[in-house]
Amino acid sequence: MTTSAFAELGLSPALVSALTAKGFTKPTPIQAAVIPRLLSNQGDIFGQAQTGTGKTAAFALPLIERIVPNGKPQAIVLAPTRELALQVCKEIESLRGNKKLIIAPVYGGQGMREQLRALKGPVDIVVGTPGRIIDHLDRRTLDLSRTRFLVLDEADEMLNMGFSEDVEKILIQTPPNRQLLLFSATLPKSLERMVQRYAKDPFYIRMKAELHTESLTEQWYVDIKEPEKVQVLTKLIDAATDFYGVIFCRTKMEVDSVNMALHKAGYASAGIHGDFKQSERERILQQFRKRNIMILVATDVAARGLDVKELTHVVNFSLPNTPETYVHRVGRTGRAGQKGTAITLVSRRDFRNLQFIQRIVKADIRRMDVPSIKVIRRIQLEKMQSQVLAQVNDCHEGHIHLAKHLLAQADPIQIVAALVKQQFGDRALLALDS
Ligand code: ADP
Ligand code: MG
């Protein structure tokens, strides 16, 4: 059995079979390094590995193994955004197999009533955002006195100015001998002191000591002039055979305006940022995961850590502020062994910043031209053809019968044209040569 690789790390047969069911056959490097240590060791850990390499399971599996349910929260997992808290919660839920562990998500925007009810009952693992967890601590509806594990996911973000005070408030309510587990893709120098301050002589597990982007992702930049940005963006989308990706913007306002422009041009896009209501954000992400929405226009905060299967593209509509942000953005694609493409739009005044980012992340970011109309036409035509031809052998006998009916009514070319119009709309005309 290929899954014995997980068993060799010390995981129980029950968990190994849960992993098989989930389709995990082989531990990722960070998992291979973290799991045995966390299964047996009491010390604090700082784990650093590229985005999309399974850091969640790296800490979740040993926790699931080590927790003996007693009705009181023994593990607290903190994440910077609600979406991430929910995602981590679901991942842990899917990893626990048959083990009777109760995992409660606790984040703002979710019904307080429901949360209170969940926290009143037995809970073994709490996954949440710092703000809402502090709410519950203040109301005394959450008791951290039995905490054995405190996890900071996206640790660099959690130790950053905006969050560190909240994290500290939570930290001091946990027993001094609990294990602190920090996980992140990046650790800027400026935050190393923060790690030392909270963690007791942490054991560093670094898969890549350097800031680094996933090698499975091809990285490009495109020279643009500011006023042409949206137009270039649509060309990039049209020139991709199957664009399913995230467009990163710097501000909420930019998210709104880019999304609006895409919408008007007929693309299946949606915007997401901090001003949206929680329920709305969840709905949008669900639509995106189901591929009803193919293009997500997002701020950095809204998309941090998001794990959406098989994204083909990340586009930096605006340059990220820091090299770390670049790594996090690009890391939304090329995940779990899949290939991806990252494209950064660069105006003249951005260029030096791009060079700086490139130097720090040691990435090979190559220049590409704005796709020409000719290329776009070819791709659109191919796309249309392959979609139709894929169906050709897939038609029911009834459909063929109906086709014969139709063909008796009008000219075959006109009939096909009508169907093309109905299926692909006016955007299909993009594929035309005049
Ligand atoms: P990270 O936190 O490092 O960015 P995630 O924990 O979000 O990465 O995992 C990325 C994706 O890889 C998830 O969809 C997860 O289910 C999947 N994954 C994790 N470990 C494995 C594994 N050993 N084999 C296959 N897929 C995995
Ligand atoms: Mg993660």
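Residues numbered from 1 in each chain as written. Chains lettered and ligands numbered in written order. Predicted model: local features only at pLDDT ≥ 70, side-chain atom pairs only at ≥ 80, totals over all residues. Heavy atoms only, no water.

Re the site of ligand 1
Argument step 1. Taken together, 18 residues sit near ligand 1, with Lys 26, Gly 52, Lys 55, Thr 56 and Asp 307 positioned nearest.
Argument step 2. For ligand 1, an oxygen atom lies 3.1 Å from a polar atom in the backbone of Gly 54.
Argument step 3. At a separation of 2.8 Å, an oxygen atom of ligand 1 approaches a polar side-chain atom of Lys 55.
Argument step 4. Expressed as a share of its isolated accessible area of 570 Å², the protein-covered part of ligand 1 is 88%.
Argument step 5. Residue classes in the shell around ligand 1 are distributed as four nonpolar, eight polar and six charged. (Near = heavy atom within 4 Å. Polar contact = N/O pair within 3.5 Å; in protein donor to acceptor, adjacent residues only side chain to side chain. Areas by Shrake-Rupley, 256 points an atom, 1.4 Å probe, with all protein chains shown as cover. Nonpolar A, V, L, I, M, F, W, Y, C, P; charged D, E, K, R; others polar.)

A word on the domain arrangement of the protein
Argument step 1. When cut into domains, the protein gives domain 1 (5-206), domain 2 (217-371) and domain 3 (374-432).
Argument step 2. For domain 1 versus domain 2, the separation of C-alpha centres amounts to 28 Å.
Argument step 3. At the junction of the two partners, domain 1 supplies 18 residues and domain 2 supplies 17 residues.
Argument step 4. Taken together, both faces of the contact between domain 1 and domain 2 bury some 1,500 Å²; the carbon and sulfur share is 50%.
Argument step 5. Among the residues of domain 1 in contact with domain 2, Thr 51, Glu 83 and Gln 87 are the three that bury the most area, contributing 37% of the side total.
Argument step 6. For the pair domain 1 and domain 2, the number of links is one salt bridge.
Argument step 7. Between Glu 83 and Arg 281 there is a salt bridge whose closest N-O contact spans 2.6 Å. (Domains from an automatic or database assignment. Contact = heavy atoms within 4.5 Å. Buried area = accessible area lost by both parts, 1.4 Å probe. Salt bridge = Lys/Arg side-chain N within 4 Å of Asp/Glu carboxyl O.)

Topic: the sheet that holds strand β1 (residues 45-48)
Hydrogen bonding along the main chain pairs the strands of a sheet, whether they run parallel or antiparallel.
Argument step 1. The strand order across the open sheet formed by seven strands is β3-β4-β2-β5-β6-β1-β7, and the pairing between neighbours is parallel. In this open sheet, the two strands that pair with only one neighbour each are β3 (103-106) and β7 (203-206). Recorded for the sheet is a direction-independent mean angle of 15° between the axes of neighbouring strands.
Argument step 2. By the bridge criterion, five bridges tie strand β5 (residues 149-153) to strand β6 (residues 179-184) in an arrangement that is parallel. Residue Phe 149 lies in a different strand from β6, and its bridge partner there is Gln 179.
Argument step 3. Sitting on the sheet, helix α5 (residues 82-95) is in contact with β2 (75-78), β3, β4 (125-128) and β5, with an inclination near 150° to β4. (Pairing = 2+ DSSP bridges. Helix = DSSP H or I, 4+ residues; strand = E, 2+ residues; numbered from the N terminus. Axes fitted to C-alpha atoms, helices over the stretch in contact; angles between N-to-C directions.)

Brief notes about the side chain of Thr 344
Argument step 1. Within the secondary structure, Thr 344 sits in strand β13 (residues 340-346).
Argument step 2. Overall, Thr 344 belongs to the buried group, its relative accessible area being 0%.
Argument step 3. A distance of 2.9 Å separates polar atoms of two side chains, one belonging to Thr 344 and the other to Asn 316.
Argument step 4. Other than its neighbours up to four places away in sequence, Thr 344 contacts Trp 220, Tyr 221, Val 222, Asn 316, Leu 319, Tyr 326 and Leu 354. (Buried < 20%, exposed > 50% of the residue type's maximum accessible area, 1.4 Å probe, protein only.)

Here we look at the pattern of salt bridges
Argument step 1. Tallied over the full model, the rule gives 15 salt bridges.
Argument step 2. Put simply, Arg 367 and Asp 369 hold a salt bridge, and the shortest N to O gap is 3.2 Å.
Argument step 3. When its relative accessible area of 47% is taken as the criterion, Arg 367 is described as partly exposed.

Let's talk about the sheet that holds strand β10 (residues 269-272)
Argument step 1. Strand order in the open sheet made by the seven strands is β10-β11-β9-β12-β13-β8-β14, with parallel pairing throughout. Each edge of the open sheet is held by one strand with a lone partner, namely β10 and β14 (365-367). Averaged over all neighbouring strand pairs, the angle between strand axes comes to 20°, with direction disregarded.
Argument step 2. On top of the sheet, helix α15 (residues 323-330) reaches β8 (217-223), β9 (245-248), β12 (313-316), β13 and β14; it is set at about 150° to β12, its chief contact.
Argument step 3. Set on the sheet, helix α16 (residues 351-361) makes contact with β8, β13 and β14; between it and β13 the angle comes to about 145°.

Digging into helix α9 (residues 161-171)
Argument step 1. Within α9 the residues assigned to the buried category are Phe 163, Ser 164, Val 167, Ile 170 and Leu 171. Angular distribution of buried residues about the axis of α9 spans 125°; they occupy a single face of the element. Exposed and oriented more than 90 degrees from the buried face of α9 are Met 161 and Glu 165. (Arc of directions from axis to C-beta.)

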